[in-house]
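A structural walkthrough
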Amino acid sequence: MLFFYKMFDSNTIKIGMLTPYSSIYPYMIPSIVNGFYSAIPQKHQNLFQFIPEYVGQGSHKTYTDAVAKLLNFNNVDVVSGLVSYMSLPDLISMTEKRQKLGFFFDIGEYIPHNIHLSNSVFINSLQFWQAEYALGYWANKTFGDKGMVIMPVYDAGYHLHSAFRQGTIAAGSSCIDYKTLTYIDGKSQVKDRIEPVLEEIKKDPPSYLHSIFCGTEAVEFLDAFKKSGLHKIVPLVLSTHMASDEIIQQVLNLNLEFYSASMWNFDNPDEINNTFKKRYINQTGNKPNVFSVLGYETGLAFYSMYAEFKQKEWGKVIHNLKTIKVNSPRGLRNFYLNSNYSTPVISIEKITTEKNNIRKFIVEQGQSLRFDNIVFSEIHNENVSGWQNPYLCV
């Protein structure tokens, strides 16, 4: 049996890319990588080479085994990829032992712990929990108390609904209802099961209904919601993922009206966003998505330190990554978890689908909080589901 191993120039920066499986976003990691290269002039792109390492659905052992391989066999300079905060502490100990740089991505399904993680580990996050907090605050302020959150067990295992609840409390809420769908192995948690639940909700309607579903179950829920007639009775507030173009394009025919929170808008006419889109489309020929933005932001940061990376001056790279801020399509971003970690710009949007078209209208700028705000300590103390896989990696 022949064995092939790609040879790298000694100056090449080898980036080990932990690559989980996602049936929802199968091109998640390629989008991050393409976004990264879009930020770097073509003549300089060869300095950075990615080595993908498949980690399945992201169990803790799969991650630690993958990092061991990247460090001991591939001898990478940087360990990167999409990870969950549940796995991060052990991965950090492995990279620190080898004095390697860690630069990870996450969707923001968990709120970071208010503890010092590492001097040499950096994170670029979509911060979905921030969108949930903003949605909760706005929904309670706009529609009143006694709303309801509906979700399957999988989505309930993360901090999303907890962040939403903290937002409602900040807006003066005293109570909220939760409906977590019972789990059935190997089947959709929604299809042919959600109808009786929606009928019960119609009997005693909440002030609003906040839904947190992902993938095909998000589409199934929206279809059932429309057929139930609840859209005429209860305002619908969707999680950020449920209101993504990838989901909404599948339900254009439903003629729905709902609300959600966005932290990046493809159609934003801002010059920085237009530059990003032009570079990405020129690089790939494809339309960018929110994961492309994550990669682009990271590429901007890495390219600003091109000389330091080329000389492998890791002390300078780490020092700069602690303080650098990049102007990205999502606003000002940085990557070191401390008191200066940037909070996102959040837009609360009213979205309508009509005659196979999507219309979005920003109704308000959402509230955000730093990850180390004291109000989140309760979430860390009480939400201990132990879900290890990154969100949407199912």
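Description of the structure in this document. In this numbering scheme, every chain counts its residues from 1 along its sequence in written order. Reporting of local features is limited, given that this is a predicted model, to residues whose pLDDT is at least 70; pairs of side-chain atoms are given and counted only at 80 or more, and all residues count toward the totals for whole chains, interfaces and linings. Computation of side-chain values covers all heavy atoms of the structure but excludes hydrogens and water.

**Some details on the nonpolar core**
Rules: Side-chain atoms within 4.5 Å link the members of a nonpolar core, which is a set of buried Ala, Val, Leu, Ile, Met, Phe, Trp, Tyr and Cys residues. Burial classes: relative accessible area under 20% of the type maximum marks a residue as buried, over 50% as exposed, and values in between as partly exposed (1.4 Å probe, protein chains only). Secondary structure elements are taken from DSSP: a helix is a run of H or I of four residues or more, a strand is a run of E of two residues or more, and numbering for both begins at the N terminus. When checking whether two residues touch, look at their non-hydrogen atoms; a contact exists if any pair is within 4.5 Å.
Residues L18, F48, I107, F309, L321 and Y391 are the most contacted members of the largest nonpolar core, which totals 93 residues. Considering each element in turn, this core owes the most residues, eight residues, to helix 4 (residues 128-143). Each residue touching Y391, except ones within four places of it in the same chain, is listed here: I107, E109, F128, Y154, D155, Y158, L160, I212, F213 and C214.

**Let's talk about the pattern of salt bridges**
Here is the rule: The working definition used for a salt bridge is a side-chain nitrogen of Lys or Arg within 4 Å of a carboxyl oxygen of Asp or Glu.
In the structure shown here, the tally under the stated rule is 14 salt bridges. Here D245 makes a salt bridge to K287, at a shortest N to O gap of 3.9 Å. Here K287 lies in the loop between helix 10 (271-284) and helix 11 (290-304) and D245 lies in helix 9 (residues 245-248), a separation of 42 residues in the sequence. Across the salt bridge formed by D245 and K360, the nearest N and O atoms sit 3.4 Å from each other. Of this pair, D245 sits in helix 9 while K360 is found in strand 14 (residues 357-365), placing the two residues 115 residues apart along the sequence. Residue classification places D245 among the partly exposed residues on the basis of a relative accessible area of 25%. Linked through salt bridges whose partners overlap, the residues forming this network are D245, K287 and K360.

**Some points on the layout of surface pockets**
The condition is simple: Cavity and pocket criteria rest on a 1 Å grid covering protein atoms alone: a 1.4 Å probe that fits but cannot get out defines a cavity, protein on both sides within 12 Å along at least 5 of 7 lines defines an open pocket, and an atom within 4 Å of a point defines a lining residue. Grid points are joined across faces, edges and corners, and a volume is the space filled by probe spheres set on the points. Residue classes follow a fixed rule: Ala, Val, Leu, Ile, Met, Phe, Trp, Tyr, Cys and Pro count as nonpolar, while Asp, Glu, Lys and Arg count as charged, and any other residue, Gly among them, counts as polar.
Of the pockets and cavities examined, the largest pocket occupies roughly 790 Å³. S244, D245, E246, W264 and V290 are, among the 37 residues lining the largest pocket, the residues nearest its centre. Those elements that place two or more of their residues in the lining of the largest pocket are helix 1 (28-38), helix 9, strand 10 (257-262), helix 11, strand 13 (347-354) and strand 14. If you tally residues by element for the lining of the largest pocket, the top one is strand 14, at four residues. Classifying every residue of the lining of the largest pocket by side-chain character gives 19 nonpolar, eleven polar and seven charged. Its volume calculated, the second largest pocket comes out at about 630 Å³. Lining the second largest pocket are 30 residues; nearest its centre among them are S23, I24, C214, G215 and V394. Looking at the lining of the second largest pocket, the elements that each hand over two or more residues are helix 1, helix 5 (153-156), helix 8 (216-228) and helix 9. The biggest single contributor to the lining of the second largest pocket is helix 5, with three residues. Broken down by class, the residue content of the lining of the second largest pocket amounts to 14 nonpolar, eleven polar and five charged.

**Remarks on the packing of helix 7 (residues 194-203) against helix 8**
The criterion, for reference: The convention used is that axes are lines fitted to C-alpha atoms, helices contributing only their stretch in contact, and that angles between N-to-C directions extend from 0 to 180 degrees. Any angle that falls under 35 degrees is termed roughly parallel, while one over 145 is termed roughly antiparallel, one within 65 to 115 roughly perpendicular, and all others oblique. Two helices cross in a left-handed way if the nearer one is turned anticlockwise from the farther one by less than a right angle. They cross in a right-handed way if the turn is clockwise.
Helix 8 packs onto helix 7 with a crossing angle of 45° between their chain directions and a minimal axis gap of 10 Å. Our classification of the angle between helix 7 and helix 8 gives oblique. For helix 7 against helix 8, the interelement crossing comes out right-handed. In contact with I194, E195, L198, E199 and K202 of helix 7, helix 8 contributes F221, A224, F225 and S228. Among the residues making up the contact of helix 7 with helix 8, the classes are represented as five nonpolar, one polar and three charged.

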